[in-house]
Amino acid sequence: MLSRVAESIFWLNRYVERAENIARFIDVNLILSLDSPSGTGQQWEPLVYTTGDQAFFKEHYGDATAEKVIQFLTFDTTYPNSILSCLRLARENARSVREIISSEMWEQVNDFYMLVKNASQGQISQFSPFFTEIKMASHLFAGIMHATMSHNEGWHFGEMGRMLERADKTARILDVKYFILLPSVRDVGTPLDDLQWIALLKSASGYEMYRKRQHRISPKEVASFLVLDREFPRSVQFCLLQAERSLHCITGCTAGMWSNPVERSLGRLRAELDYITIEEMMNQGLHEFLDQTQISLNTIGKKIHETFFALQPLHQSS
């Protein structure tokens, strides 16, 4: 497969997943602001921290209010990681490989982009249903891709992009809740704290699955569920397992072995999660562990680019 095609399919899926996860971050805060006592749940600045682009936001928007953060993360065309910008880039990548992907995939990503673009030009009466629409449009794209595209190298590059993006965003939203969302340790264990952990689980569509395992909300158990669970499809470990499976299908390398820097880095991170316990994570510092996990995921992304997409043409000998 041409590296250009593989890269476009990888980023098409990564951008669609990113748009969905940003919608999840916003929606969870909207839910939290409704469920919390007046004035206690509307903490919007942490959502900017999940992007890592606090300086950009401060320069263009100033103080973090609900209206400003929603505009920034959803519709700002000058910000490359807003939902609208992500879908524009996803659409451009899809257009460049229209002969490779299915027509249904192209139609869905185009409709998805137009849904958000049209919303940016009008008034939205209720934001929460709108962000639910975004999540469902992303799910529809993933389902269409699974059902209509041959599960060949291209499909596996797309799956790998989706899973790595999802792992990164799950780690980020958990880190934000654990490290900076609560203004005071006095709030730990209070009803507000429980509401925030429940909202976090709902942002990952994991509240029901978590409650089937645990009868009470516990920060340690929530963290274990979202990082280490091998069966929940938005946990970090599940995403790494799926990404590694697709990577081995691309390279033909036997599982448990590695033949290039990507397989080594991804296998190393996945193996670390195989054997670490939640107690060890907590003792190390959950923030520090999640921060290192995000660094490792960024490194894997760079190695994917270097190994598969930045291929140099062979020089012809004279």
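This is a predicted model, so every value here is computed, not measured. (Residues numbered from 1 in each chain as written. Predicted model: local features only at pLDDT ≥ 70, side-chain atom pairs only at ≥ 80, totals over all residues. Heavy atoms only, no water.)

Quick notes on the confidence of the model for the protein chain
Note the following rule: Each residue carries a pLDDT score, the predictor's own confidence in it, on a scale running from 0 to 100. To qualify as a helix, a DSSP run of H or I must reach at least 4 residues; to qualify as a strand, a run of E must reach at least 2; elements of each kind are numbered from the N terminus. Every residue pair with non-hydrogen atoms within 4.5 Å of one another is taken to be in contact.
When pLDDT is averaged along the protein chain, the result is 89; 90% of the residues meet or exceed 70. Per-element mean pLDDT across the protein chain ranges from 81 in helix α9 (residues 191–203) up to 98 in helix α5 (residues 83–96). This model gives residues 314–318 a pLDDT under 50, and the stretch forms zero contacts once residues within four places in sequence are excluded.

Observations regarding the pattern of salt bridges
We apply this condition: Take a side-chain nitrogen of Lys or Arg and a carboxyl oxygen of Asp or Glu: if they are within 4 Å of each other, that pair is a salt bridge. A simple rule labels every residue: compare its accessible area, found with a 1.4 Å probe on the protein chains alone, to the largest value its type can have, and call it buried under 20%, exposed over 50%, or partly exposed in between.
A complete count under the given rule lists 19 salt bridges for this structure. Between R234 and E17 there is a salt bridge whose closest N-O contact spans 3.1 Å. With R234 in the loop between α11 (219–228) and α12 (236–251) and E17 in helix α1 (residues 3–35), this pair connects stretches of sequence that are 217 residues apart. Here the two residues R234 and E17 agree in accessibility, since each one is buried. Two residues, R18 and E165, come together in a salt bridge whose shortest N-O distance is 2.9 Å. Highlighted residues: R18 in helix α1 and E165 in helix α8 (residues 153–181), separated in sequence by 147 residues. Neither R18 nor E165 differs from the other in exposure class; each is buried. Taken together, the shared-partner salt bridges connect R14, R18, E165, D168, K169 and R172 into one network.

Concerning the packing of aromatic side chains
Applied cut-off: The rule is short: rings of Phe, Tyr and Trp, with Trp giving its six-membered ring, pair when the centres are within 6.5 Å, and they are stacked under 30 degrees, edge-to-face over 60, tilted in between. For a ring to carry a charge above it, either NZ of a lysine or CZ of an arginine must fall within 6 Å of the ring centroid while also lying within 35 degrees of the normal to the ring plane.
All told, the structure shown has 15 aromatic pairs when counted by the stated rule. Consider the rings of F10 and W11, whose centres lie 5.5 Å apart with planes at 80 degrees: the pair is edge-to-face. For the pair F57 and F72, a centre-to-centre distance of 5.1 Å together with 70 degrees between the ring planes defines the contact as edge-to-face. Linking F57 in helix α3 (residues 54–61) with F72 in helix α4 (residues 66–74), this pair joins segments that are 15 residues apart in sequence. Grouping residues by exposure puts F57 and F72 together as buried. Here the aromatic cluster, defined as three or more aromatic residues joined through ring pairs, consists of F10, W11, Y15, F157, F308 and F309. In this arrangement the basic side chain of K202 is found over the ring face of Y207, its NZ or CZ atom lying 5.5 Å from the centre. For R264, the ring lying beneath its charged end belongs to W258, and the centroid distance is 5.7 Å.

Points about the packing of α5 against helix α6 (residues 103–120)
For clarity, the threshold we go by: Axes here refer to lines fitted to C-alpha atoms; in helices the fit is confined to the stretch in contact. Angles between the N-to-C directions go from 0 to 180 degrees. By definition in this entry, angles of less than 35 degrees are roughly parallel, angles greater than 145 are roughly antiparallel, angles of 65 to 115 are roughly perpendicular, and the rest are oblique. Working rule for handedness: look at the near helix, and if it is turned counterclockwise from the far one by less than a right angle, call the crossing left-handed; if clockwise, right-handed. In this classification, Asp, Glu, Lys and Arg are treated as charged, Ala, Val, Leu, Ile, Met, Phe, Trp, Tyr, Cys and Pro as nonpolar, and every other residue, Gly included, as polar.
At a minimum axis separation of 9 Å, α5 and α6 run at an interaxial angle of 150 degrees. Judged on the interaxial angle alone, α6 and α5 are roughly antiparallel. Seen along the crossing, α5 lies across α6 with a hand that is left-handed. Contact residues: α5 offers I83, L84, L87, R88, A90, R91, A94 and R95, while α6 offers W106, V109, N110, F112, Y113, V116, K117 and S120. Here the contact of α5 with α6 is composed, by residue class, of ten nonpolar, two polar and four charged.

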